[in-house]
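Per-entry structural report
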2 protein chains.
Amino acid sequence: MPARTGSQRPTLEQVAALAGVSRGTASRVLSGASNVSPSAIAAVRAAAAELNYRPNLSARSLVTGRTGLVGLVVNESNDHLFSDPYFAEVSRGAHDALSEADVALVLTLAGDARERDRIVEIASMRLDGLLVIHGHSDTELVAGIERVRVPAVFSGRVPIEGESKVWYVDADNRGGARLATDHMLGRGRRRVVHITGPLDMAAGHDRRLGWQDALDAAGLERTEAMVEAGDFSPASGAAAMRALLERVPDLDGVFVANDLMALGALQTLAEAGRSVPDDVAVVGFDDADAARASTPGLTTVAQPMADIGRRMAELLLQQLASPDTDPVHEVLATRLVERGSA
Amino acid sequence: MPARTGSQRPTLEQVAALAGVSRGTASRVLSGASNVSPSAIAAVRAAAAELNYRPNLSARSLVTGRTGLVGLVVNESNDHLFSDPYFAEVSRGAHDALSEADVALVLTLAGDARERDRIVEIASMRLDGLLVIHGHSDTELVAGIERVRVPAVFSGRVPIEGESKVWYVDADNRGGARLATDHMLGRGRRRVVHITGPLDMAAGHDRRLGWQDALDAAGLERTEAMVEAGDFSPASGAAAMRALLERVPDLDGVFVANDLMALGALQTLAEAGRSVPDDVAVVGFDDADAARASTPGLTTVAQPMADIGRRMAELLLQQLASPDTDPVHEVLATRLVERGSA
DNA sequence: CTGAAAGCGCTTACAG
DNA sequence: CTGAAAGCGCTTACAG
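The shown structure was predicted, so the numbers you read here are calculated from the model rather than taken from an experiment.

Here the focus is the nonpolar core. Counting residues in hydrophobic clusters, the biggest one holds 53 residues, and the most contacted among them are Leu72 and Leu131 of chain A together with Leu72 and Leu131 of chain B. The element best represented in this core is helix α14 (residues 305-321) of chain A, accounting for seven residues. Not counting the four nearest positions on each side in its chain, Leu72 of chain A is found in contact with Phe87, Ser91, Leu105, Val106, Leu107, Thr108, Leu131 and Ile133 of chain A together with Leu107 of chain B.

Next up on the list: the protein's contact with DNA strand D. Every one of the 25 residues lining DNA strand D counts as a neighbour, but Leu12, Arg23 and Ser27 of chain A together with Arg28 and Ser37 of chain B are closest to it. Arg28 of chain A places a polar side-chain atom, nitrogen or oxygen, 2.8 Å from a base nitrogen of DNA strand D. Between DNA strand D and Tyr53 of chain A there is a distance of 2.6 Å, counted from a phosphate oxygen to a side-chain nitrogen or oxygen. Looking at side-chain class alone, the surface near DNA strand D contains 11 nonpolar, eight polar and six charged residues.

Within a regular strand, the side chains alternate between the two sheet faces. All names here are of chain A. Burial of the side chains of strand β8 (residues 253-256) extends over both faces: Gly253 and Phe255 are buried on one face and Val254 and Val256 on the other. Relative to strand β9 (residues 281-283), β8 runs parallel, the two being bridged by three bridges. Bridged to Gly253 within β9 is Ala281. Traced from β8 through helix α12 (residues 259-271) to β9, the parallel crossover comes out right-handed.

Here we take up the interface of chain A and chain B. Between chain A and chain B, the contact holds 55 residues from the first and 56 residues from the second. Taken together, both faces of the contact between chain A and chain B bury some 5100 Å²; the carbon and sulfur share is 54%. In this structure, Arg118 of chain A and Asp102 of chain B form a salt bridge, with 2.3 Å as the shortest nitrogen-oxygen distance. Connecting chain A to chain B are 12 residue pairs in polar contact (both at pLDDT 80 or more). Of the residues forming the side of chain A that touches chain B, the biggest block, seven residues, is contributed by helix α4 (residues 57-64) of chain A. In terms of residue class, the side of chain A that touches chain B is built from 23 nonpolar, 17 polar and 15 charged.

A few words on the pattern of salt bridges. All names here are of chain A. On inspection of all chains with the given rule, the structure shows 40 salt bridges over all chains. Glu228 serves as the salt-bridge partner of Arg247, at 2.9 Å between the closest nitrogen and oxygen. Placement of the pair is Arg247 in helix α11 (residues 234-247) and Glu228 in strand β7 (residues 227-229), with a sequence separation of 19 residues. Relative accessible area serves as the criterion here: at 39%, Arg247 is assigned to the partly exposed category. The partly exposed category is assigned to Glu228, whose relative accessible area is 23%.

Mapping chain A onto chain B leaves a residual RMSD of 0.1 Å; the transformation is a rotation of 180 degrees accompanied by 0.0 Å of translation along its axis. Accordingly, the operation relating the two chain copies is best matched by a two-fold axis. Of the interface residues in chain A, 100% have counterparts in chain B that sit at the interface too, so the contact is made through matching surfaces.

Among the 23 residues in the neighbourhood of DNA strand C, the closest are listed as Ser37 of chain A together with Leu12, Arg23, Ser27 and Tyr53 of chain B. The contact atoms of DNA strand C, taken as those within 4 Å of the protein, divide so that sugar and phosphate hold 62%. The separation between a phosphate oxygen of DNA strand C and a polar main-chain atom of Ser22 of chain A is 3.0 Å. Elements that contribute at least two residues to the surface near DNA strand C include exactly α2 (23-30) and α4 of chain A together with α2 (23-30) and α4 (57-64) of chain B. Each residue belonging to the surface near DNA strand C can be placed in one class, and the counts come to 11 nonpolar, eight polar and four charged.

Quick look at the environment of Ser341 of chain A now. Residue and element names in this part refer to chain A. Mapped onto the secondary structure, Ser341 falls in the segment after β12 (335-337). Setting aside residues up to four positions removed in sequence, Ser341 forms contacts with Val276, Pro277, Val280, Ala281, Val282, Pro296, Gly297, Leu298 and Thr299. Side-chain polar atoms of Ser341 contact the backbone nitrogen of Thr299, separated by 2.8 Å.

The subject of this paragraph is the domain arrangement of chain A. Domain boundaries in chain A define domain 1 (12-55), domain 2 (69-172 + 306-332) and domain 3 (173-302). Between domain 1 of chain A and domain 3 of chain A, the C-alpha centre-to-centre distance is 62 Å.

In this section: the sheet that holds β8 of chain A. By way of backbone hydrogen bonds, the strands of a sheet pair with one another, either parallel or antiparallel. Residues and elements named next belong to chain A. If you trace the four strands from one edge of the open sheet to the other, you get β7-β6-β8-β9, paired in parallel fashion. Every interior strand has two partners, whereas the edge strands, β7 and β9, have only one. The average undirected angle you get between the axes of adjacent strands in this sheet is 15 degrees. Sheet topology places strand β6 (residues 192-196) next to β7; three bridges connect them, and they run parallel. Paired with Thr196 across the two strands is Ala229, which belongs to β7. Running at roughly 170 degrees to β6, helix α10 (residues 202-217) makes contact with β6, β7 and β8 of the sheet. Sheet contacts for α11: β6, β7 and β8; angle to β7, the most-contacted strand, approximately 155 degrees.

Since the α-helix packs 3.6 residues into each turn, any two residues three or four apart lie on the same face. Residue and element names in this part refer to chain A. Its 14 residues give helix α3 (residues 38-51) an end-to-end C-alpha distance of 20 Å, which sits within 8% of 20 Å, the value for a rise of 1.5 Å per residue. Where α3 is buried, its residues touch α1 (12-19) and α2. Once α3 finishes, Asn52 follows within two positions and takes phi at roughly 55 degrees, a positive value.

This part takes up the pairing of strand β1 (residues 69-74) of chain A. All names here are of chain A. Burial analysis of β1 places six of its six residues in the buried class, the great majority of the element. The two faces of β1 match: Leu69, Gly71 and Val73 on one face and Val70, Leu72 and Val74 on the other face are all buried. Here β1 pairs with strand β2 (residues 104-109) via six bridges, running parallel. Paired with Val70 across the strands is Leu105, a residue of β2. Of the pairings in the sheet, the one linking β1 to strand β3 (residues 129-133) comprises five bridges and is parallel in character. Of the residues in β3, the one forming a bridge with Val73 is Val132.

What counts and what doesn't
- Residues numbered from 1 in each chain as written.
- Chains lettered and ligands numbered in written order.
- Predicted model: local features only at pLDDT ≥ 70, side-chain atom pairs only at ≥ 80, totals over all residues.
- Heavy atoms only, no water.
- Core = buried A, V, L, I, M, F, W, Y, C linked by side-chain atoms within 4.5 Å.
- Buried < 20%, exposed > 50% of the residue type's maximum accessible area, 1.4 Å probe, protein only.
- Helix = DSSP H or I, 4+ residues; strand = E, 2+ residues; numbered from the N terminus.
- Contact = heavy atoms within 4.5 Å.
- Near = heavy atom within 4 Å.
- Polar contact = N/O pair within 3.5 Å; in protein donor to acceptor, adjacent residues only side chain to side chain.
- Nonpolar A, V, L, I, M, F, W, Y, C, P; charged D, E, K, R; others polar.
- Pairing = 2+ DSSP bridges.
- Right-handed = clockwise from strand over helix to strand, strands pointing away.
- Buried area = accessible area lost by both parts, 1.4 Å probe.
- Salt bridge = Lys/Arg side-chain N within 4 Å of Asp/Glu carboxyl O.
- Least-squares fit on C-alpha atoms with pLDDT ≥ 70 in both.
- Domains from an automatic or database assignment.
- Axes fitted to C-alpha atoms, helices over the stretch in contact; angles between N-to-C directions.
- Expected span 1.5 Å × (residues − 1).

This is the structure:
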């Protein structure tokens, strides 16, 4: 007798009995097999409806070896990441694509090393695969995933440099950053500095490269003094902007690696008496809600976040269907959203 | 043979064989039962470690009747809700409490009626219970949950008015709103208007009541013209602020039902040439990241979001352990966070 | 097209 | 304290 009270849910056995067929036939009907007679189909469907039958997924999993569960791994050692719209949108895209395949998303937060190990363990026990969001390039997690051989797709290129052996979907961060910087250069800015994201994340690393590309292509001077690192939080953006104003007093543009930091930078600029966009142009990245609410509105680079999630899910499903395929990598285009700040 | 390739994971049978005991005894050791000999414990643990044994959770669920899976229901028919920090923090709190009990969170997004039905269906098939976040007072969802008798705990009072038959954990929205409004009144403001959240959400409804409480207690005039509804988005906050400035030109304070809308209101005030806090005091609600990044910093009401999630999880676990208990309701305290805007 | 049967990997009274 | 056995609810070759 199950521990759970009131679990007198109808079983396939009862559906079959009511329909006057065997359990095997009932199973075939409900799983949509082709080799069943029309009369059996009708009888079983009617019986299932009458009893309000819902299959016991644990029983199904036990025999199929599939749980219909995919882990959504969020590396939130950094508090700000989790409230980042990126997480929300990518999750939504993944959720939608997975729902269509009757696969559910299990939320797994990887705060520290202990939790990361735990995720790999949980994955090996009850998950068909993993969707890994963002992830400060986490070599341990990648190693753990490879060790237990659980299918996985990452959001963002992994690893940051060198050949990738894992599946991933990424936005064209480098191209987007180039777009942002070119936009300012095209409007006459000549001293465009950069506030980076965490450089151990592909997004941080690549956006920096895009900024470099633009400056180099324009033949402008580019020094280390023109770059200051942030951690994607508003406070870090404000601090980085202060450092840059100190080091490069004649700056007239700043490409900030995300919107949250750009908001912080905007505040610092206001406090320093520099008007935006007249004195200094500012472009962020992400097209976050907050980018719309700032004064002036933040010009930013939008990435197709929901599409990234959707493609991640599709690639995982594909990987589940045919394991041992070579890793697939996809890069999705970004676009500039002009508002008032540049 | 299971469909999944490479699923030659060791079974309990193999662990038992290696340990030289029966499957039953191995099971007892691994589940921490007390009636096992020390030597059996040692042998089984060693064997499990050597084989790197991980229990098959589907098999366990099949006999226990418990899946160890709890659904996190997010009503995101409103886009902004999902990127709200509330979601992130509550989820994190719930996740942490649940992890300790080896229970995993399944993300379920309730975008439309169809998805809502689907959630109830999924719940009845594979979830032990439901944690429902925010939820525009969704009577259909509540009805569906009661119909399939799945244990659930809501964040936020349900229903908005009248006796509640469901379990919930809520922040003291009314008290917090009172705190916010009193703060402005205490500093000499006399015309404090209010931008509400969706009034079909307990948070929106109760925060409005708190604002009323404060004005009434101070014996100040309070009219319908002093209230404008928003939907928790920055844009709606900006629009509401415009309407209020029109109707109540001599306003000197505004209590905004959340920070995102407060940011929008701040922008409108700036465009209208009203300085904050000199001309108009502004207080938000949530203590969102963005509240720190604005200029001036937003004075706001913080609610213990992670604690709400944690308590929700604990109450659900309690409900699972002893079903048919009377519903429990918990209200957690809020506090004022002073920054520059009031 | 269908039924009978085996089996997925576990837990849990039951007897001893 | 332990083993043998039943059984959780499904799917899937297999034979017909």
